[in-house]
Amino acid sequence: MSTEFEPYRNELTAYCYRMLGSVQEAEDVVQETMLRAWRARDRYDSTRASVRTWLYRIATNACLTALDGRKRRALPSGLGLPSDDTEAKLAPAPDIPWLQPYPDGRFDTAARTDLRLALVAAMQLLPPRQRAVLILREVLEFSAAEVARQLETSVAGVNSALQRARAALADGPGADHITEPDDPEARAVIHRYARAFEAADVSALVRLVTDDAVMEMPPVPLWYRGSRDYGLFLHRVFRMRGTDWRVRTLTANGQPALAAYAAAPDGGHRFHTLQVFTVAGGRVARTVVFADPVVPDLFGIPERILSE
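Chemist: Is there a simple way to explain the overall build of the protein chain in this structure?
Modeler: A count of helical and extended segments in the protein chain gives 11 helices and 7 strands. Referenced to the eigenvectors of the C-alpha coordinate spread, the extents of the protein chain come out at roughly 65 × 40 × 40 Å. For the protein chain, buried positions account for 51% of its 308 residues. Counting contacts in the protein chain only where the partners sit at least 6 residues apart, residues at least 24 apart contribute 67% of the total. Of the accessible surface of the protein chain, which amounts to about 14400 Å², a share of 49% is contributed by carbon and sulfur atoms. Looking at charge distribution, the protein chain has the averaged site of its 38 positive side-chain charges lying 2 Å from that of its 39 negative ones.

Rendered as structure tokens:
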């Protein structure tokens, strides 16, 4: 593989993740992009495009091919109304292609806001070509002419697609009120949340969330809204899995996150879930709880930790 292409691997992976909603699929598409670029290296014309622009053109075409005929990846809150039954059966829905979390620590990328879970989920609602235009123009700041060449369309077509994409996301999640994970306030909130979770202190946890806090748990299609149901569901979790927990802090999608480990019958603690938080106004406004068994490998974290 040409060393000239490798410096772009991480940013291409972030781009393909935004397009596809899956880290694993993004890595596969980027590998395919690198192979295509290597095979076509003799035909690359530096007078027409930079290497970076050329690679994005290849990656965009590969993403559009991968998305052809596929269902969009989603979070439970994008599929229906919240549940009011905190004792409902927790039945995973493996037939739904769920949005995956993005492991910040594995990639050297400064991207934060544009990788947030709610924004990536909203992007999945756009038709694939509109999604590509939005990301290439708004996030990666390619010119309209460059995007037109990448998508083999006109500048007018790019501008029209961008306008439609903006309109579709106009009522979507904003980032202006969301605290960054390295902000002292956010760190303090998550530190208190982690300590309360390890202590199975539901009252303390509820005090740390907003009145209309959301909790969702892919691959279970249920989700809840409001601090009352948030607390009732946590009571259920600790009743089912016990009160002996350990957590590890990390980030996902440029957001604060915790890896939660429940006590194992044979000793130590086993991975239970990855919890990704949206912190706003000094409290947790949303928690997305990923129970996908691929998460430890995806994030490079242990499946089991020894008791301390």
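Chemist: Looking at this structure, how should I read the packing of aromatic side chains?
Modeler: Across all of its chains, the model carries 11 aromatic pairs by this definition. Pairing Tyr17 with Tyr102 gives two aromatic rings, centres 4.9 Å apart and planes at 45 degrees, and the pair type is tilted. Here the residue Tyr17 occupies a position in helix α1 (residues 9–20), and Tyr102 occupies one in the loop between α3 (51–67) and α4 (117–123), the gap between them amounting to 85 residues. Per residue, the accessibility class of Tyr17 equals that of Tyr102, and both read buried. An aromatic cluster of three or more residues is present, and its members are Phe5, Tyr44 and Trp54. Arg41 extends its terminal NZ or CZ atom over the ring of Trp38, reaching a point 3.6 Å from the ring centre.

Chemist: Is there a simple way to think about helix α7 (residues 155–169) in this case?
Modeler: Between its first and last C-alpha atoms α7 spans 21 Å; for 15 residues at 1.5 Å apiece the expected length is 21 Å, and the two agree. Residues of α7 that are buried: Val158, Ala161, Leu162, Ala165 and Leu169. Each buried residue of α7 sits inside an arc of 100 degrees when the element is viewed along its axis, so together they form one side. Residues of α7 that are exposed and angled more than 90 degrees away from the buried face: Ala156, Gln163 and Ala167. Buried residues belonging to α7 abut α4, α5 (128–139) and α6 (144–151).

Chemist: I'm lost on the side chain of Thr13 in this one. Help?
Modeler: Within the secondary structure layout, Thr13 lies in helix α1. Relative accessible area serves as the criterion here: at 2%, Thr13 is assigned to the buried category. Among residues more than four places away in sequence, those in contact with Thr13 are Ala26, Glu27, Val30, Tyr102 and Phe107.

Chemist: Honestly, the layout of surface pockets in this entry has me stumped. Any pointers?
Modeler: In this approach the atoms are scanned with a rolling probe the size of a water molecule, which exposes any empty space left behind. Estimates place the volume of the second largest pocket at around 390 Å³. Leu90, Phe233, His272, Thr273 and Ala291 are the residues nearest the centre of the second largest pocket, which is lined by 18 residues in total. Elements supplying a minimum of two residues to the lining of the second largest pocket: α8 (184–198), β1 (209–217), α10 (227–241) and β5 (269–280). Of all the elements, α10 adds the most residues to the lining of the second largest pocket, at 5 residues.

Definitions and cut-offs
- Residues numbered from 1 in each chain as written.
- Predicted model: local features only at pLDDT ≥ 70, side-chain atom pairs only at ≥ 80, totals over all residues.
- Heavy atoms only, no water.
- Helix = DSSP H or I, 4+ residues; strand = E, 2+ residues; numbered from the N terminus.
- Buried < 20%, exposed > 50% of the residue type's maximum accessible area, 1.4 Å probe, protein only.
- Contact = heavy atoms within 4.5 Å.
- Areas by Shrake-Rupley, 256 points an atom, 1.4 Å probe, with all protein chains shown as cover.
- Lys, Arg positive; Asp, Glu negative; His and termini not counted.
- Charge placed at Lys NZ, Arg CZ, Asp CG, Glu CD.
- Phe/Tyr/Trp six-rings, centres within 6.5 Å; stacked < 30°, edge-to-face > 60°.
- Lys NZ or Arg CZ within 6 Å of the ring centre and 35° of its normal.
- Expected span 1.5 Å × (residues − 1).
- Arc of directions from axis to C-beta.
- 1 Å grid on protein atoms, 1.4 Å probe; cavity = no way out; pocket = protein on both sides within 12 Å on 5 of 7 lines; lining within 4 Å.
- Points joined across faces, edges and corners; volume = space filled by probe spheres on them.

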